Amino acid sequence: MPGATWHHEGVDDFVFVSGRLSLDLAGTLLWRRSRRIELLRSPDDLGRWIQQAGLLDAPGPLDGRALSRTGRLREAVYALVRAWPLTPAADSEVREALAEVNEAARLPLPRHQLDDDGRLARTGGVDEVLGAVARDTVDLLGGADFARVRECLNEECTRLFVDLSRSGNRRWCGMAECGNRHKVANYRRRRQTAG
């Protein structure tokens, strides 16, 4: 059921395999073409993602509005990266995504300071998080890394990533998820053929 979004229970850690902050946020909605698993189900999930992404030490109180704003930016990032570079015939949805990303890119960034012991303190709120994600998107689309953006070759997976491999032939979003599934499927096929 492609239109439905399923909730995935028990996600304690998020996966950061995309090589860019913006693409890692886009990856919090899995399997977009099929069963659509939402990893940002609640403000608490958003807070954990923010901390695990290394954006803020303590995001503070987050609410449904912060979750909704983050979801809108996430979808704008995904739509824009998939459609980039824009053509004159780009549809209004993609142009709205560009406007959403550009507007968020004007927000402030997280504040970084060192304390007397040399420890880094990262502070801010949802505006700073959205600003950081949007600026990463702008930098990605306007920079050399965009030529290395790929979509995972697992037909079910829709995760986008920057191929930073030396050979430039990375095929999977990550070996732990899609790469190993492909290896296991190939192994089973070979065993069946041999047997």
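Structure shown above.
Since we're looking at a predicted model, the values are computed, not measured.

**Observations concerning the nonpolar core**
Item 1. If you look at the biggest cluster of nonpolar residues, it comprises 48 residues, and the most contacted ones within it are Trp49, Ile50, Leu55, Leu73 and Val81.
Item 2. Of all the secondary structure elements, the ones that give two or more residues to this core are helix H1 (21–26), helix H2 (43–52), helix H3 (64–83), helix H4 (92–105), helix H5 (126–142) and strand E7 (160–162).
Item 3. Apart from residues no more than four positions distant in its own chain, Ile50 is found in contact with Leu55, Leu56, Pro59, Leu62 and Val129.

**Some thoughts on H4**
Item 1. Look at H4: 20 Å from first C-alpha to last across 14 residues, which is about the 20 Å you get at 1.5 Å a residue.
Item 2. As for H4, its buried residues are in contact with H3 and H5.
Item 3. At the N-terminal boundary of H4, the capping side chain belongs to Asp91, with an oxygen 3.2 Å from the backbone nitrogen of Glu93.

**Focus: the pairing of strand E5 (residues 120–123)**
Item 1. Inspection of the sheet shows strand E4 (residues 111–114) paired to E5 by four bridges, in the antiparallel sense. Considered in E5, the bridge of His112 is made with Arg122.
Item 2. Two successive antiparallel strands, E4 and E5, enclose a turn made up of five residues, where Gly118 displays a positive phi of approximately 85°.

**Focus: the packing of aromatic side chains**
Item 1. Enumeration over the complete set of coordinates arrives at one aromatic pair.
Item 2. Above the ring of Tyr78, the side-chain terminus of Arg32 is found at 3.8 Å from the ring centroid.
Item 3. Just above the ring of Phe161 sits the side chain of Arg170; from NZ or CZ to the centre is 4.0 Å.

**A closer look at the pattern of salt bridges**
If charged atoms from side chains of opposite charge come close, those side chains can pair.
Item 1. Here the structure, examined in full by the defined rule, presents 14 salt bridges.
Item 2. Measuring nitrogen to oxygen at the nearest pair gives 2.6 Å for the salt bridge that ties Arg32 to Glu75. Of this pair, Arg32 sits in the loop between strand E2 (29–30) and strand E3 (37–38) while Glu75 sits in helix H3, and the two are 43 residues apart along the sequence.
Item 3. Among the residues examined, Arg32 registers a relative accessible area of 9% and is labelled buried.
Item 4. Judged by relative accessible area, which is 29%, Glu75 ranks as partly exposed.

**Some details on unusual backbone geometry**
Item 1. Of note, the bond from Trp84 into Pro85 is cis; its omega dihedral lies within 30 degrees of zero at -5°.
Item 2. Topologically, Pro85 is positioned in the loop between H3 and H4.
Item 3. One non-glycine residue, Trp31, adopts positive backbone phi at about 55°.
Item 4. Positionally, Trp31 belongs in the loop between E2 and E3.
Item 5. Positive phi outside glycine occurs at Arg36, with the angle close to 40°.

**Comments concerning the environment of Ser18**
Item 1. Its location among the elements puts Ser18 in the loop between strand E1 (6–7) and H1.
Item 2. Classification of Ser18 as buried rests on a relative accessible area of 0%.
Item 3. It is 9.6 Å that separates the C-alpha atoms of Ser18 and Leu164, two residues lying 146 residues apart in sequence.
Item 4. Each residue touching Ser18, except ones within four places of it in the same chain, is listed here: Leu23, Asp24, Arg159, Leu160, Phe161 and Val162.

What counts and what doesn't
Residues numbered from 1 in each chain as written. Predicted model: local features only at pLDDT ≥ 70, side-chain atom pairs only at ≥ 80, totals over all residues. Heavy atoms only, no water. Core = buried A, V, L, I, M, F, W, Y, C linked by side-chain atoms within 4.5 Å. Buried < 20%, exposed > 50% of the residue type's maximum accessible area, 1.4 Å probe, protein only. Helix = DSSP H or I, 4+ residues; strand = E, 2+ residues; numbered from the N terminus. Contact = heavy atoms within 4.5 Å. Expected span 1.5 Å × (residues − 1). Polar contact = N/O pair within 3.5 Å; in protein donor to acceptor, adjacent residues only side chain to side chain. Pairing = 2+ DSSP bridges. Phe/Tyr/Trp six-rings, centres within 6.5 Å; stacked < 30°, edge-to-face > 60°. Lys NZ or Arg CZ within 6 Å of the ring centre and 35° of its normal. Salt bridge = Lys/Arg side-chain N within 4 Å of Asp/Glu carboxyl O.

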